[in-house]
Amino acid sequence: MEEYKLSGRGKVYTYSVVHVPPKEFERMAPYVIAIVELEEGPRITAQIDCKPEEVYIGMPVEVVFRRIKEDGEDGIIHYGYKFKPVDH
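So, here is what we can say about the structure in this document. (Residues numbered from 1 in each chain as written. Predicted model: local features only at pLDDT ≥ 70, side-chain atom pairs only at ≥ 80, totals over all residues. Heavy atoms only, no water.)

Counting secondary structure elements, the protein contains zero helices and five strands. For the protein, the succession of helices and strands along the chain, N to C, is β-β-β-β-β. For the protein, with 88 residues in total, the buried portion stands at 30%. By sequence separation, contacts in the protein at least 24 residues apart represent 45% of the contacts at least 6 residues apart. A total of about 6,400 Å² of accessible surface is found on the protein, and carbon and sulfur atoms cover 51% of it. (Helix = DSSP H or I, 4+ residues; strand = E, 2+ residues; numbered from the N terminus. Buried < 20%, exposed > 50% of the residue type's maximum accessible area, 1.4 Å probe, protein only. Contact = heavy atoms within 4.5 Å. Areas by Shrake-Rupley, 256 points an atom, 1.4 Å probe, with all protein chains shown as cover.)

This is how it looks when you write it as structure tokens:
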């Protein structure tokens with residue numbers, strides 16, 4: 001195995017809009033979950049940071065670091081990756 005840095009850019013391969021989410025994601029609904037095909041070939045599942053009516057198959061996207069959720073009374077914040085549309 002060898003380390004390989006991915007560009008973080010790709011396109012929406014397919015997607016779904018979540019209207020009835022798990023409890024910890026209720027405040028985000030509706031939101032878009034997609035399979036993103038990266039420029040290098042791998043496909044990964046991720047949330048797309050856009051309005052559901054804006055997403056389309058083939059839409060160019062790039063990875064971003066975003067707040068995902070908060071846990072419990074202590075308000076522990078979880079961060080992770082999402083994708084956002086690439087501005088042209």
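Right, let's talk about the side chain of Gln47 for a bit. Its place among the elements puts Gln47 in strand S3 (residues 43-48). Here Gln47 is in contact with Met28, Tyr31, Val32, Ile33, Lys82 and Phe83, once residues within four sequence places are set aside.

Here Glu37 shows up in strand S2 (residues 31-38). In terms of polar contacts, Glu37 uses its side chain to reach the side chain of Arg43, at 3.3 Å. Those residues in contact with Glu37 that sit more than four places away from it in its chain are Gly10, Lys11, Tyr13, Pro42 and Arg43. (Polar contact = N/O pair within 3.5 Å; in protein donor to acceptor, adjacent residues only side chain to side chain.)

Our next topic: the pattern of salt bridges. Within the structure shown, the criterion is met by five salt bridges. Across the salt bridge formed by Arg9 and Glu39, the nearest N and O atoms sit 3.3 Å from each other. In this pair, Arg9 is assigned in strand S1 (residues 9-18) and Glu39 in the loop between S2 and S3, connecting sequence segments 30 residues apart. The partner of Glu62 in a salt bridge is Lys84, with the nearest N and O atoms 3.5 Å apart. In this pair, Glu62 is assigned in strand S4 (residues 60-71) and Lys84 in strand S5 (residues 76-85), connecting sequence segments 22 residues apart. When its relative accessible area of 26% is taken as the criterion, Glu62 is described as partly exposed. (Salt bridge = Lys/Arg side-chain N within 4 Å of Asp/Glu carboxyl O.)

The next point concerns a nonpolar patch on the surface. Nonpolar side chains collect at one region of the surface, where Phe65, Ile77 and Tyr79 lie side by side and expose about 350 Å² of accessible area between them. Turning to its location among the elements, Phe65 is positioned in strand S4. Of the residues examined, Phe65 reaches a relative accessible area of 63% and is grouped as exposed. (Patch = residues over 30% accessible without salt bridge, like charges linked within 9 Å, V, L, I, M, F, W, Y side chains within 5 Å.)

As a further point, take the packing of aromatic side chains. Here a ring pair, both rings aromatic, is described through the centre-centre distance and the interplanar angle of the planes. On inspection of all chains with the given rule, the structure shows three aromatic pairs. Centroid distance Phe65 to Tyr79: 5.7 Å. Interplanar angle 20 degrees. Geometry classified as stacked. With Phe65 in strand S4 and Tyr79 in strand S5, this pair connects stretches of sequence that are 14 residues apart. Positioned above the aromatic ring of Tyr13, the side-chain terminus of Arg43 is 3.6 Å from the ring centre. (Phe/Tyr/Trp six-rings, centres within 6.5 Å; stacked < 30°, edge-to-face > 60°. Lys NZ or Arg CZ within 6 Å of the ring centre and 35° of its normal.)

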